[in-house]
Amino acid sequence: MFRKMLTAVLFTTASSQINANDVERTIVIGERIIELNPWRNDLIKKQYRVAIQLALEEHRLKKPNSTVKLIESFDSQPSDGFDLAQTAGALGVVGYLYSADSFEASQIALAKKIPYLAPTSPLNAIKNEYAYSMAATHEDLKKTFQKVSKRFDSPSIVVVPDASLTNFEYARIYQEAFNVVKTYRGTTAQIWLDLKKDLPTLTLKNNLNILFSGYAFEQTDLIHLIESVPSANKVNMIAHPQWNYCSGFLSHSLTKKARNLYIVSDYFDTAKLDSHGFSISTEERDSFKRLKNRISKEPKIKGNSIDEPIVYVLKDMISIALDAAEKSQSREEFSKAYSSLSYRGASGTYHVKDKKSERRIYLGKWEGQFVKPLMAL
């Protein structure tokens, strides 16, 4: 049986004098740990802890006498984090970055009436009276993809390598935004057998858009295979796997000759946006640099760097939760604190109104070493 691991992260006040009005407020940081999965144990714990550390340091500068306490809940299922929140009397729970876990957590939040903040999932079902996701909504993504489809005005196909909730959500959004002529489902190997046979016909008269829906690891396998066919120069490969596509991952996983790979993302390296003429706030630039510098000093975990976009998103999520906690004496107030805020962080700017996050989404192109930002959407 997996042993629950709890670690309390406490604020140390700069002064021994605390106002009588100051009360201790607790937030649970939750994540599901899978012992045999190299990305779901020590690596993800380290990513959370680096994000927590920087969020706390930044918060101390603004609120040196804060009594907010964060409690980690690295457990086997989301219900463990909410059980801990009940026991500790916490204001809410934040975390659970994978869509299936986020969905489960959102339903537990609704049942237990405990506010919950998810860092990533775009599923509309994540959002309810008690749950909120920092990801772009289905409607926002649809509008974004409609803009992209005008740029790539070609017949499109969708590949869905597995049956997770998020993949089917993306397939549905693609259908609404692009001229989709065919959808491929199944394992990566099954999809490739069918796709390889169909590509000569699909690219005979027109260019072709291949819209990826699935985990980035499976997608990079398909990208290599697609690049091996003679008609690859007529294929535009377009992906939006939330924050998984980063330059470090692509450099490790792809050859430089992935010619027409385009990334639609909520996240872009601010240094790249800066150098290509996009407007970046001082707060975003400084927050990104601080976290980037911190990550650069961290050793690899079993050969894997922790420098992935999700760390920047986790840091912003925790910062938002800390800010909301400072304004709250109850779970109801904590939940309301999410409903109207603006926050400029390491992964971009969040404008939240009525629990709807409005974020800038960018289109970029893989250039062999980095993703070059092309336009804001």
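The preceding data block contains the structure.
Undergrad: Would you mind going over the pairing of strand E3 (residues 68-75) in detail, with residue names and values included?
TA: Among the eight residues in E3, eight count as buried, and that is most of the element. Pairing of strand E2 (residues 25-32) with E3 involves eight bridges; the strand directions are parallel. When the bridges of E3 are listed, Glu31 appears paired with Phe74. Since E2 and E3 lie parallel, the crossover through helix H1 (residues 42-62) that links them has a hand, and here it is right-handed.

Undergrad: Give me the lowdown on the nonpolar core, citing residues and values where you can.
TA: Soluble, globular proteins show a tendency: their nonpolar side chains are buried together. By size, the foremost hydrophobic cluster in this structure holds 46 residues, and its most contacted members are Leu70, Ile318 and Tyr338. Counting only elements with at least two residues in this core, the list comes to E2, H1, E3, helix H10 (282-296), helix H11 (309-326), helix H12 (331-337) and strand E12 (340-345). Broken down by element, this core gets its largest block of residues, twelve residues, from H11.

Undergrad: Before we move on, could you go through the pattern of salt bridges and cite the residues and values that matter?
TA: Enumeration over the complete set of coordinates arrives at 16 salt bridges. Linking Arg259 and Glu227 is a salt bridge whose minimum nitrogen-to-oxygen distance equals 2.9 Å. Taken together, the residues Arg259 in the loop between helix H8 (247-253) and strand E11 (261-265) and Glu227 in helix H7 (residues 216-227) connect sequence positions 32 residues apart. Glu227 gets classed as buried once you look at its relative accessible area, which sits at 7%. In this structure, the salt-bridge partner of Arg285 is Asp274, at a minimum N-O distance of 2.6 Å. Of this pair, Arg285 sits in helix H10 while Asp274 sits in helix H9 (residues 270-275); the two residues are eleven residues apart in sequence, bridging distant segments of the chain. One network of salt bridges, in which partners are shared, links Glu58, Arg290, Lys315 and Asp316.

Undergrad: Before we move on, could you go through helix H4 (residues 138-151) and cite the residues and values that matter?
TA: Taking 1.5 Å of rise per residue, the 14 residues of H4 would be expected to cover 20 Å, and the 20 Å separating its terminal C-alpha atoms lies within 8% of that figure. Those residues of H4 that fall on the buried side of the exposure criterion are His138, Asp140, Leu141, Thr144, Phe145, Val148 and Ser149.

Here is what the cut-offs are and how they apply
- Residues numbered from 1 in each chain as written.
- Predicted model: local features only at pLDDT ≥ 70, side-chain atom pairs only at ≥ 80, totals over all residues.
- Heavy atoms only, no water.
- Buried < 20%, exposed > 50% of the residue type's maximum accessible area, 1.4 Å probe, protein only.
- Helix = DSSP H or I, 4+ residues; strand = E, 2+ residues; numbered from the N terminus.
- Pairing = 2+ DSSP bridges.
- Right-handed = clockwise from strand over helix to strand, strands pointing away.
- Core = buried A, V, L, I, M, F, W, Y, C linked by side-chain atoms within 4.5 Å.
- Salt bridge = Lys/Arg side-chain N within 4 Å of Asp/Glu carboxyl O.
- Expected span 1.5 Å × (residues − 1).

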